[in-house]
Structure formats: C-alpha cells, structure tokens
Amino acid sequence: MGCFFSRRRKPPQGGQQREQQREQQGQDGAAGEQKAPQYSWDQRAKIDPKDYTFSGLKNETVGRLPGKVAGQQFVIQDCENCSIYIFDHSATITIDDCVNCQIFLGPVKGSVFFRDCKDCKCIVACQQFRTRDCRKLEVFLCCATQPIIESSTGMKFGCFQYYYPELALQFKDAGLSIFNNTWSNIHDFTPVSGENSWGLLPETAVVQDYVPLPSSEELKAVRISTDATKSIIPITRGRRQKSSDESCLAVFFAGDYTTANARKLIDEMSDKGFQLVQTKEVLMKAEDARRVFQQCASEFIPLLEKGPVVALEFNGDGAVEGCQSTINEVFSGTKVFVSESKASASQDVDNFYNFADMQMGM
C-alpha cells in the first residue's frame, strides 16, 4: 500500500488575484448575512399598551397631558371613584365597568364606547358616541354623528364646553369640525314603551360641578377654562324648545377667515340676546345650493369650490333683522347668505339642515 500526498496546485498567472477576489466576496456576503437591513418602521419608538390604559384604579386622579397620547387608541376599565383626564387626541376610546368616575376625553377621531358603566360624569368629544348597559351617565358631549344608547337608562346630555390652548389643534388632528355637534339628537337603540331612557341636562348646568378641574400637580399645568364664552365648541340649544317662532339661517363660505367670522357672528348675535340653535360644516355641490339657496344660488355657487360652508341657525324675535344688520355692519366685504325675511327663514333652515343631515348620513 502506498501513501498518497496531495499538493496544492499553484494557480496560473492571474488566478491568484481572482481567488483573492472570490475570498473577499465571500467575506462581504457573510457580513451581509450578519447585518440585517434597517427599515423606517424598525426605528419607530415601541408602543407600550400600559401607557394607553387606565385599569383597576380606585380613588385616584390620573391623566395624560397634551402630546402624550398623540392619536393612539386608549382603554379605561374597572375604575372606581376616579377622576380621569385625557388632554390629547386619540383614535378610539373604550370605557368598561367604571363606577362613580369623572372623565374628560379630548377629541377622539373614531368612536367612544361606554359599556357597563354607572354613575359617571363625563365631557367627551368624538366622531361616534355609543353606550351599552350603562346607568346614570351625565355627558357634556360633542359628537359629529348621531349618538346612540343601547340598553342604557338615566342618561343625561348637555353641550360640550371646554377650553385649553392645545384643544383647537387637537380637534383638527382628530379630523373633527367644531361646528358639527349633534349632542342632543340621541337615538335609543332599545327603547322601552312608556319609558324615556335619556334626557337633557339643565340649561344652567355648570361643567365644573360635574367634572371638576384636575387636582394633581402634573395635570394642573393644563390651562383650562370652562367659561362658556371661551369654549372651543359653540354652545348650542340643540333640541331644546325654541324661545321664539322666528329663526334665521346664516351661511359662511370657505375662506381664510371662515371659522373666525362664524365665531364673531355668534358672539355678536349672543350679545344681542339671540340664541344659537345649531351649527353645521359641510360640503355643498351646485345642485345642493340650488335647492337650499333657491333664487340666490347663482351668486354663491362659484364659492362652493373653495371648501365646506359653515351654517348657523339663530332664534329669537327679530332674529332675521338682527342677523342682517350685524352682517352688514361687521362683514360688509364678505359674501354671506342670510335669510331675507321671517316668512322665508323657516324654510331656509329646513332646506339646509335636511340637506346636511342627508349629506352626513344621519
């Protein structure tokens, strides 16, 4: 038997260089396997659900400051005798099995859903509001769509009124209009014959008597006002009985100062003793304008392309004359639709709000 020896064959000229290149490529490939690619979503801060949950609390004051929720969803559950404040916008909020709590919820882009709660006092702004199996909830509400209660009793509702400096921007971030508030147009999904499961809070109700300002040092940093005249949401009468058979419709068209002009008219008319019944911000088409504004439509149709209109209904004896004079004095350079007479005003209001309710699917 012999022994066989293997000798490495000397590579031909130029082969050594190619071999070194292959070795280098192999090393680069190994390094690539070790280093995973980086994506933008890998660099985002990790979300801890605990930061967006209040659970099992008792006799505590807790909350989140502006900027701390930033559009995430939030959960509140199993809390008793607590004061809870969410001073930020969020995606959705569910509130389950809470008893005797005071709750403030900043603008919610989607739904707020109360389940199995009782004896709670709340201030809420949202796109959709719903309760199920609740008892004795008192809610100052701003809701863009029709609020729904289901298997709930002793429910009381009032118009949202609240202010802090960051609130207006939070409404925009949540995609909510301050003029779309159907707080008093409640739909009872499970009505009981002969019983009324809901009603309205007294007109004299004071927000702070229901949801006091926060007592913790951290939350005191939020500069809050519950003065109705400073409220981000205009205070409306909703479905309360009107004090007069005379109403007036005023409609502002999209522009740089639409919101400011609407707020200015509300202040001017309130100072004259007229009541704001309802407001609405909605897109209109040419055919909608013809139906609502009738013979005046051609004057306003070119303005519709700029964006949504803001409509206001005022009530009180002399509302039409009062609104016309205010607009002539204060808004002389601004195109505004205003009812021409007491006789036509009622039809103006019906035409516009019937259209707006259909447009918003209500």
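The shown structure was predicted, so the numbers you read here are calculated from the model rather than taken from an experiment.

About the thresholds
- Residues numbered from 1 in each chain as written.
- Predicted model: local features only at pLDDT ≥ 70, side-chain atom pairs only at ≥ 80, totals over all residues.
- Heavy atoms only, no water.
- Core = buried A, V, L, I, M, F, W, Y, C linked by side-chain atoms within 4.5 Å.
- Buried < 20%, exposed > 50% of the residue type's maximum accessible area, 1.4 Å probe, protein only.
- Helix = DSSP H or I, 4+ residues; strand = E, 2+ residues; numbered from the N terminus.
- Domains from an automatic or database assignment.
- Contact = heavy atoms within 4.5 Å.
- Salt bridge = Lys/Arg side-chain N within 4 Å of Asp/Glu carboxyl O.
- Expected span 1.5 Å × (residues − 1).
- Arc of directions from axis to C-beta.
- Axes fitted to C-alpha atoms, helices over the stretch in contact; angles between N-to-C directions.
- Parallel < 35°, antiparallel > 145°, perpendicular 65-115°, else oblique.
- Left-handed = near helix turned anticlockwise from the far one by under 90°.
- Nonpolar A, V, L, I, M, F, W, Y, C, P; charged D, E, K, R; others polar.
- UniProt positions renumbered as here; feature names shortened; annotations may be inferred.
- Phe/Tyr/Trp six-rings, centres within 6.5 Å; stacked < 30°, edge-to-face > 60°.
- Lys NZ or Arg CZ within 6 Å of the ring centre and 35° of its normal.
- Pairing = 2+ DSSP bridges.

Student: Explanation requested: the nonpolar core in the structure shown.
Tutor: In a soluble, globular protein the nonpolar side chains are often hidden away together inside. Ranked by internal contacts, the top residues of the largest apolar core, which has 84 residues, are Ile76, Ile95, Phe114, Val124, Phe129, Tyr162 and Leu265. It is strand 7 (residues 118–132) that provides the largest number of residues to this core, a total of 7 residues. For this core, the domains that each give at least three residues are domain 1 (50–221) and domain 2 (242–361). Leaving out residues up to four positions away in the same chain, isoleucine 76 has contacts with Phe54, Ile84, Ile93, Thr94, Ile95, Asp96, Cys98 and Leu105. Core analysis: the next-biggest nonpolar cluster, separate from the first, contains 21 residues, Val292, Phe300, Val309 and Val349 among them.

Student: What should I look at first to understand the pattern of salt bridges in this one?
Tutor: Pairing is possible between side chains that carry opposite charge, provided their charged atoms lie close to one another. Using the criterion set out here, one finds 11 salt bridges in the structure. Residue aspartate 96 is joined to arginine 115 by a salt bridge in which the shortest nitrogen-to-oxygen separation is 2.7 Å. Placement of the pair is aspartate 96 in strand 5 (residues 93–96) and arginine 115 in strand 6 (residues 102–115), with a sequence separation of 19 residues. With relative accessibility at 23%, the residue arginine 115 sits in the partly exposed group. Put simply, aspartate 245 and lysine 342 hold a salt bridge, and the shortest N to O gap is 3.6 Å. On the criterion of sequence distance, the pair formed by aspartate 245 in the loop between helix 3 (207–210) and strand 13 (247–252) and lysine 342 in helix 8 (residues 342–359) is long-range, its members being 97 residues apart. Residue class for aspartate 245 comes out exposed when judged on its relative accessible area of 65%.

Student: Explanation requested: helix 4 (residues 258–271) in the structure shown.
Tutor: Every α-helical turn comprises 3.6 residues, leaving residues that sit three or four positions apart pointing alike. Counted at 1.5 Å a residue, the expected span for helix 4 with its 14 residues is 20 Å, and the 20 Å between its end C-alpha atoms agrees. Taken together, the buried positions of helix 4 are Thr258, Asn261, Ala262, Leu265, Ile266 and Met269. Along helix 4, the residues classed as buried sweep out an arc of 140° about the axis, all on the same side. In the core, the buried residues of helix 4 are packed alongside strand 13, strand 14 (275–282), strand 15 (309–315) and helix 7 (319–330). A positive backbone phi angle near 95° is found at glycine 273, which sits one or two residues after helix 4.

Student: In this structure, what is going on with the packing of helix 4 against helix 7? I would like to understand it.
Tutor: The geometry of a pair of packed helices is captured by two quantities: the angle between their axes and the separation between those axes. Contact geometry for helix 4 and helix 7: axes closest at 10 Å, N-to-C directions at 130°. Between helix 4 and helix 7, the crossing angle belongs to the class labelled oblique. Crossing hand, helix 4 versus helix 7: right-handed. On helix 7, the residues touching Lys264, Leu265, Glu268 and Met269 of helix 4 are Ala319, Gly322, Cys323, Thr326, Ile327 and Val330. Per-class residue counts for the contact of helix 4 with helix 7 are 6 nonpolar, 2 polar and 2 charged.

Student: Help me understand the UniProt feature "binding site: GTP" (unreviewed entry) in the protein chain, please; the structure alone is not making it clear to me.
Tutor: The positions that UniProt labels "binding site: GTP" (unreviewed entry) are, in the present scheme, Gly110, Ser111, Gln127, Gln128, Phe129 and Arg130. Separation in sequence by 21 residues is not matched in space for these annotated residues, since their most distant C-alpha atoms are only 11.1 Å apart. With respect to the helices and strands, serine 111 occurs in strand 6. A relative accessible area of 25% places serine 111 in the partly exposed class. The residues contacting serine 111, other than those within four sequence positions of it, are Ala91, Thr92, Ile93 and Gln128. Along the polypeptide, arginine 130 turns up in strand 7. Sequence-distant contacts of arginine 130, defined by excluding residues within four places in its chain, comprise Val112, Phe113, Phe114, Ile148 and Glu150.

Student: What should I look at first to understand the packing of aromatic side chains in this one?
Tutor: Two aromatic rings are characterised by how far apart their centres lie and by the angle between their planes. Per the counting criterion, the structure on display carries 21 aromatic pairs. With 5.3 Å between their ring centres and 35° between their planes, phenylalanine 87 and phenylalanine 104 make a pair best called tilted. Residue phenylalanine 87 is located in the loop between strand 4 (83–86) and strand 5, and its partner phenylalanine 104 is located in strand 6; the two are separated by 17 residues in the primary sequence. Through pairs of rings, three or more aromatic residues link up here, namely Tyr85, Phe87, Phe104, Phe160, Tyr162, Tyr164 and Phe171. The ring of phenylalanine 113 carries the charged tip of arginine 115 above its face, separated from the ring centre by 5.1 Å.

Student: Sorry if this is basic, but what is going on with helix 8 here?
Tutor: In this model helix 8 runs 26 Å from its N-terminal to its C-terminal C-alpha over 18 residues, within 8% of the 26 Å that 1.5 Å per residue would give. In this structure, the buried side of helix 8 is in contact with strand 13, strand 14, helix 5 (286–293), strand 15, helix 7 and strand 16 (336–338).

Student: Could you clarify how one ought to interpret the sheet that holds strand 16 in this entry?
Tutor: What holds strands together in a sheet is hydrogen bonding between their backbones, with the strands either parallel or antiparallel. Strand order in the open sheet made by the 4 strands is 14-15-13-16, with antiparallel pairing throughout. Only two strands of the sheet have a single neighbouring strand rather than two, namely strand 14 and strand 16. Neighbour-to-neighbour, the strand axes of this sheet turn through a mean angle of 15°, independent of strand direction. Lying over the sheet, helix 7 contacts strand 13, strand 15 and strand 16, oriented at roughly 30° with respect to strand 13. Across the sheet, helix 8 lies against strand 13, strand 14, strand 15 and strand 16, angled at about 45° from strand 14, the strand it touches most.

Student: Looking at this model, I keep getting lost on the packing of helix 5 against helix 8. Mind explaining?
Tutor: Two elements in contact, helix 5 and helix 8, have axes separated by 8 Å at closest approach and are oriented at 150°. Taken together, the axis directions place helix 5 and helix 8 in an arrangement best described as roughly antiparallel. Seen from helix 5, the contacting residues are Asp288, Arg291 and Val292; seen from helix 8, they are Asp348, Asn351, Phe352 and Phe355. Residue composition of the contact of helix 5 with helix 8, grouped by class: 3 nonpolar, 1 polar and 3 charged.

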